Amino acid sequence: MSKNQIWAVIALVSIALFAFLSETQIKVEVDSAWHTSNDNEIIFYVELASNNKSEIEIEEFSEYYQSLVNKNEPNTLSWKFFQSEPNKIIEILRWSDSETIKNHIKNVSEGGIFEKDFASYVEHFIIEKINVYGEPTEEVQEMLRGFGVPVTFNPLISGYSR
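Summarised in this report is the structure supplied together with it. (Residues numbered from 1 in each chain as written. Predicted model: local features only at pLDDT ≥ 70, side-chain atom pairs only at ≥ 80, totals over all residues. Heavy atoms only, no water.)

## A short note on the nonpolar core
It is characteristic of soluble globular proteins that their nonpolar side chains tend to be buried jointly.
Then comes step 1: Counting 26 residues, the largest nonpolar core has Phe44, Tyr65, Phe81 and Phe125 as the members making the most contacts within it.
Then comes step 2: Those elements that provide at least two residues to this core are strand 1 (42-50), helix 2 (55-72), strand 2 (76-83), strand 3 (88-95), helix 3 (98-108), strand 4 (125-133) and helix 5 (138-145).
Then comes step 3: No other element matches the five residues that helix 2 contributes to this core. (Core = buried A, V, L, I, M, F, W, Y, C linked by side-chain atoms within 4.5 Å. Buried < 20%, exposed > 50% of the residue type's maximum accessible area, 1.4 Å probe, protein only. Helix = DSSP H or I, 4+ residues; strand = E, 2+ residues; numbered from the N terminus.)

Next comes the structure, spelled out in structure tokens:
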């Protein structure tokens, strides 16, 4: 074998090895992403109205409340307030699972760590409707129906969450 033929073989082996390792790495990344998907995630789209509070009061309380939840409920994935129309707010909450929702309900209930904060929440907002996306347990569905506001449940057809 000549030197050029040896270098050609080395180049081909290197390319084949690189392709194999790249394909293996891609497969590992795809498999890893697949296995870390949170199939139990539940999303709330909550329609709120201002309870006779100024825009500044709503902004300040919203910042306070979402920070409180973020600090004390690590399995709550996201908590955001959005201005919709004048005096209308959309609240989007992402929960890792039904247990996380039950924990929050416990926290805002009588004797819970957020009892006083939730009283302030109700002073700032009127909950008009809760749209639930995902599949909470029957127990959580009953808890939500017990709030006395319209609640709709929308089961997942297909999707992923990171």
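Now that the structure has been shown, the text picks up again.
## Topic: the pairing of strand 3
Then comes step 1: With eight bridges joining them, strand 1 and strand 3 adopt antiparallel strand pairing. Within strand 3, the residue paired with Val46 across the bridge is Glu91.
Then comes step 2: Across seven bridges, the pairing between strand 2 and strand 3 is antiparallel. Considered in strand 3, the bridge of Phe82 is made with Ile90.
Then comes step 3: The hairpin turn running from strand 2 into strand 3, its antiparallel successor, is four residues long, and Asn87 in that turn takes a positive phi close to 65 degrees. (Pairing = 2+ DSSP bridges.)

## Considerations on helix 4 (residues 115-124)
Then comes step 1: If you check which residues of helix 4 are buried, you get Asp117, Tyr121 and His124. Projected down its long axis, helix 4 carries its buried residues within an arc of 65 degrees, all on one side.
Then comes step 2: The secondary structure elements touched by the buried residues of helix 4 are strand 1, helix 2, strand 2, strand 3 and strand 4. (Arc of directions from axis to C-beta. Contact = heavy atoms within 4.5 Å.)

## Points about the environment of Val69
Then comes step 1: Within the secondary structure, Val69 sits in helix 2.
Then comes step 2: Sequence-wise, Val69 and His104 are 35 residues apart; in three dimensions their C-alpha atoms are separated by 8.5 Å.
Then comes step 3: Leaving out residues up to four positions away in the same chain, Val69 has contacts with Thr76, Trp79, His104 and Phe114.

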